[in-house]
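Observations on the three-dimensional arrangement
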Amino acid sequence: MDGQNVKDTVKQIFTEYLNAHGHRKTPERYAILDTIYSINGHFDIDTLYSLMADQENFRVSRATLYNTIILLINARLVIKHQFGTSSQYEKCYNRDTHHHQICTQCGKVIEFQNEELQQAIADTKLSRFSLTHYSLYLYGLCSKCDRANKRKNKSNNHKKEK
């Protein structure tokens, strides 16, 4: 499904959600949805706010962004991630299942796919529970921070020996 088809589909899903729950269908909400589905990868509210500010027709407040994000999460069009202390969001309609590696030192987030992990989760028998989706977060050090720490430790050990 190409980008425009995805945008048309998510707009339709959002419209159905707004109608079903008695929410107003405002141009700002649709502009926010369109902007989100133009972003590749993760984003935070500040990034979204900056992107929206660049659009002359739609000056939206942070409150409108937060409220619309909540609606999009409830409509299952956006997923919220908690990476350490920061909240990040990502579009989730028609996306392949992927996992996240989070560096606990620099905060870098790397997406990855692993067929074996996905199959193991799919094969897991869950008692009285029907799995619809999941998120997997792996925490550790990215290679850059790991190398920097090893250099720092080596340097500190060298200084102690003198």
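This report concerns the structure included in the present document.

Reading guide: rules and limits
Residues numbered from 1 in each chain as written. Predicted model: local features only at pLDDT ≥ 70, side-chain atom pairs only at ≥ 80, totals over all residues. Heavy atoms only, no water. Helix = DSSP H or I, 4+ residues; strand = E, 2+ residues; numbered from the N terminus. Rg over C-alpha atoms; globule rule 2.2 N^0.38 Å. Buried < 20%, exposed > 50% of the residue type's maximum accessible area, 1.4 Å probe, protein only. Contact = heavy atoms within 4.5 Å. Areas by Shrake-Rupley, 256 points an atom, 1.4 Å probe, with all protein chains shown as cover. Lys, Arg positive; Asp, Glu negative; His and termini not counted. Charge placed at Lys NZ, Arg CZ, Asp CG, Glu CD. Pairing = 2+ DSSP bridges. Patch = residues over 30% accessible without salt bridge, like charges linked within 9 Å, V, L, I, M, F, W, Y side chains within 5 Å. Salt bridge = Lys/Arg side-chain N within 4 Å of Asp/Glu carboxyl O. Axes fitted to C-alpha atoms, helices over the stretch in contact; angles between N-to-C directions. Parallel < 35°, antiparallel > 145°, perpendicular 65-115°, else oblique. Left-handed = near helix turned anticlockwise from the far one by under 90°. Nonpolar A, V, L, I, M, F, W, Y, C, P; charged D, E, K, R; others polar.

Another aspect to go through is the overall build of the chain. When its secondary structure is counted, the chain shows 6 helices and 5 strands. Going from the N terminus to the C terminus, the chain shows its helices and strands as α-α-α-α-β-β-β-β-α-β-α. Whereas a compact globule of 162 residues would reach a radius of gyration of roughly 15 Å, the chain reaches 20 Å, over 25% beyond that. For the chain, the spread of C-alpha atoms along the three principal axes comes to 70 × 45 × 30 Å. Relative to its 162 residues, the chain shows a buried fraction of 27%. Long-range pairs, those at least 24 residues apart, make up 51% of the contacts in the chain with a sequence separation of at least 6. Working note: accessible area of the chain is about 11,000 Å², and carbon and sulfur atoms make up 47% of it. When the 23 positive and 17 negative side-chain charges of the chain are each reduced to one mean point, those points stand 10 Å apart.

As a further point, take the pairing of strand β2 (residues 86-91). As paired strands, strand β1 (residues 78-83) and β2 are joined by 6 bridges and run antiparallel to one another. Looking across to β2, one finds that Gln82 is bridged to Ser87. Counted along the chain from β1 to the antiparallel partner β2, the turn is 2 residues long, and its residue Gly84 has a positive phi close to 65°.

This part covers the environment of Phe129. Summarising the element assignment, Phe129 is placed in the loop between α5 (115-123) and β5 (137-140). For Phe129, a relative accessible area of 54% translates into the label exposed. Once the C-alpha coordinates of Phe129 and Ala148 are considered, the two residues, 19 residues apart in sequence, prove to be 44 Å apart.

A few words now on a nonpolar patch on the surface. Together, Leu126, Phe129 and Leu131 give the surface a local cluster of nonpolar side chains, amounting to about 290 Å² of exposed area. With respect to the element layout, Leu126 can be found in the loop between α5 and β5.

Their axes nearest at 10 Å, the elements helix α2 (residues 27-36) and helix α3 (residues 45-53) cross at an angle of 110°. It follows that α2 is roughly perpendicular to α3 by the angle criterion. Between α2 and α3 lies a crossing of right-handed hand. On the side of α2, the interface is formed by Ala31, Ile32, Thr35 and Ile36, while α3 contributes Leu48, Leu51 and Met52. A breakdown of the residues in the contact of α2 with α3 according to their chemical character gives 6 nonpolar, 1 polar and no charged.

Function cannot be inferred from these measures alone, as they are strictly geometric.
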